[in-house]
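# Inside the fold
Chain residues, written in single-letter form:
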Amino acid sequence: KAGVTQTPRYLIKTRGQQVTLSCSPISGHRSVSWYQQTPGQGLQFLFEYFSETQRNKGNFPGRFSGRQFSNSRSEMNVSTLELGDSALYLCASTSRVGTGELFFGEGSRLTVL
Amino acid sequence: GQQVMQIPQYQHVQEGEDFTTYCNSSTTLSNIQWYKQRPGGHPVFLIQLVKSGEVKKQKRLTFQFGEAKKNSSLHITATQTTDVGTYFCAGGAAGNKLTFGGGTRVLVKP
């Protein structure tokens, strides 16, 4: 069974630009969560989607948004990038909504210059 | 909101020694999960504890969930270089998202 796939793996943007990251969950998993990981802040929850509906949202500004498609694939978008948005963005899928075991992808490492 | 704290933030361990990392929640949890992230890698699920006072073992790793379901610990015996990485706990409350602790970064001295 293929794991969670995230694209792109690495990207460099400049301040003010926007970025879209993609996540394909494990086949059969309908819940997808996104996390931001930085050296000083650990794993910060961004949002969780299930059946195309956002179920939970973390404490991030409105510049961070996401969506989920009918095939469970998910995208997150960050607009008007700031230097502080540089981080590893991790996507995780689970077969159980809310508190099931999370299967993480390799992440998308974003650098904002 | 729910907060999960982990201590210590860093753990330098001599190979062969034991160590324990602790996880404390500001609220009662329905379950707690532990993950390991190797350097340059992504978090990988280790275990989930659900019952009050539950203890589970995986080879040299022992996981415990507190009686009040507000704290947990991970004890590693006879540390090996393969234990290097960051260990995260994640607390779950019914119907809500998992809240991750800040992690304990483990460095092993050979």
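Above: the structure in question.
Presented here is a report on the structure given in the accompanying data block. (Residues numbered from 1 in each chain as written. Chains lettered and ligands numbered in written order. Predicted model: local features only at pLDDT ≥ 70, side-chain atom pairs only at ≥ 80, totals over all residues. Heavy atoms only, no water.)

### Looking at the nonpolar core
Filter applied, for reference: Take the buried residues of types Ala, Val, Leu, Ile, Met, Phe, Trp, Tyr and Cys, join any two whose side-chain atoms come within 4.5 Å, and each joined set is a nonpolar core. Each residue is placed in one exposure class: buried if its accessible area under a 1.4 Å probe, protein chains only, is under 20% of its type's maximum, exposed if it is over 50%, and partly exposed if it falls in between. Comment: elements are numbered from the N terminus, with helices defined as DSSP H or I runs of at least four residues and strands as E runs of at least two. In this analysis, two residues are considered to be in contact whenever any of their non-hydrogen atoms come within 4.5 Å of each other.
Counting 21 residues, the largest nonpolar core has A:Trp34, A:Leu46, A:Phe64, A:Met76 and A:Tyr89 as its most contacted members. Elements that contribute at least two residues to this core include exactly β3 (19-24), β4 (31-38), β5 (42-50), β8 (74-78), β9 (87-94) and β11 (108-112) of chain A. Ignoring sequence-local partners within four residues, the contact set of A:Leu46 consists of A:Trp34, A:Tyr35, A:Gln36, A:Lys57, A:Gly58, A:Phe60, A:Phe64, A:Met76 and A:Tyr89. Among the nonpolar cores identified, the runner-up in size contains 19 residues, and B:Phe19, B:Cys23, B:Ile32 and B:Val108 belong to it.

### Quick word on the interface of chain B and chain A
How we decide: Accessible area that two parts lose when put together, evaluated with a 1.4 Å probe and summed over both, is termed the buried area. Every case where a carboxyl oxygen of Asp or Glu lies within 4 Å of a side-chain nitrogen of Lys or Arg is listed as a salt bridge. Whenever a nitrogen or oxygen atom comes within 3.5 Å of another N or O atom, the pair is scored as a polar contact, on the condition that within protein one atom can donate a hydrogen and the other can accept it, and that pairs from neighbouring residues in sequence are kept only if both atoms are in side chains. Residues are sorted three ways: Asp, Glu, Lys and Arg are charged, Ala, Val, Leu, Ile, Met, Phe, Trp, Tyr, Cys and Pro are nonpolar, and all the rest, Gly among them, are polar.
Across the boundary between the two partners, chain B contributes 16 residues, which contact 17 residues of chain A. Summing both sides of the interface, chain B and chain A together bury roughly 1,500 Å²; the carbon and sulfur share of this comes to 55%. When residues of chain B are sorted by the area they lose upon contact with chain A, B:His42, B:Lys97 and B:Phe100 head the list and together hold 35% of the total. Inspection of the chain B/chain A interface yields 0 salt bridges. At the surface where chain B touches chain A, the tally comes to 3 residue pairs in polar contact (both at pLDDT 80 or more). Counting residues per element, the ones that place at least two in the side of chain B that touches chain A are β4 (31-37), β5 (44-49), β9 (85-92) and β10 (98-100) of chain B. Considering every element that reaches the side of chain B that touches chain A, the biggest residue donor is β4(B), with 4 residues. When grouped by side-chain class, the residues that make up the side of chain B that touches chain A number 7 nonpolar, 8 polar and 1 charged.

### Brief notes about the state of the cysteines
Our working definition: Cysteine sulfur atoms that come within 2.5 Å of each other are treated as a disulfide pair.
Per the counting criterion, the structure on display carries 2 disulfides over all chains. Note on cysteine connectivity: A:Cys23 is disulfide-linked to A:Cys91, with sulfurs 1.8 Å apart. Between A:Cys23 and A:Cys91, the disulfide has an S-S torsion of -55° and is therefore left-handed. Of the two residues, A:Cys23 is situated in strand β3 and A:Cys91 in strand β9; the sequence distance between them amounts to 68 residues. Between the sulfur of B:Cys23 and that of B:Cys89 lies a disulfide, 2.0 Å long from S to S. Negative torsions about the S-S bond denote left-handed disulfides, and the value of about 75° found for B:Cys23 with B:Cys89 makes this one right-handed. With B:Cys23 in strand β3 (residues 19-25) and B:Cys89 in strand β9, this residue pair connects regions lying 66 residues apart in the sequence. Like B:Cys23, the residue B:Cys89 is buried in the burial classification.

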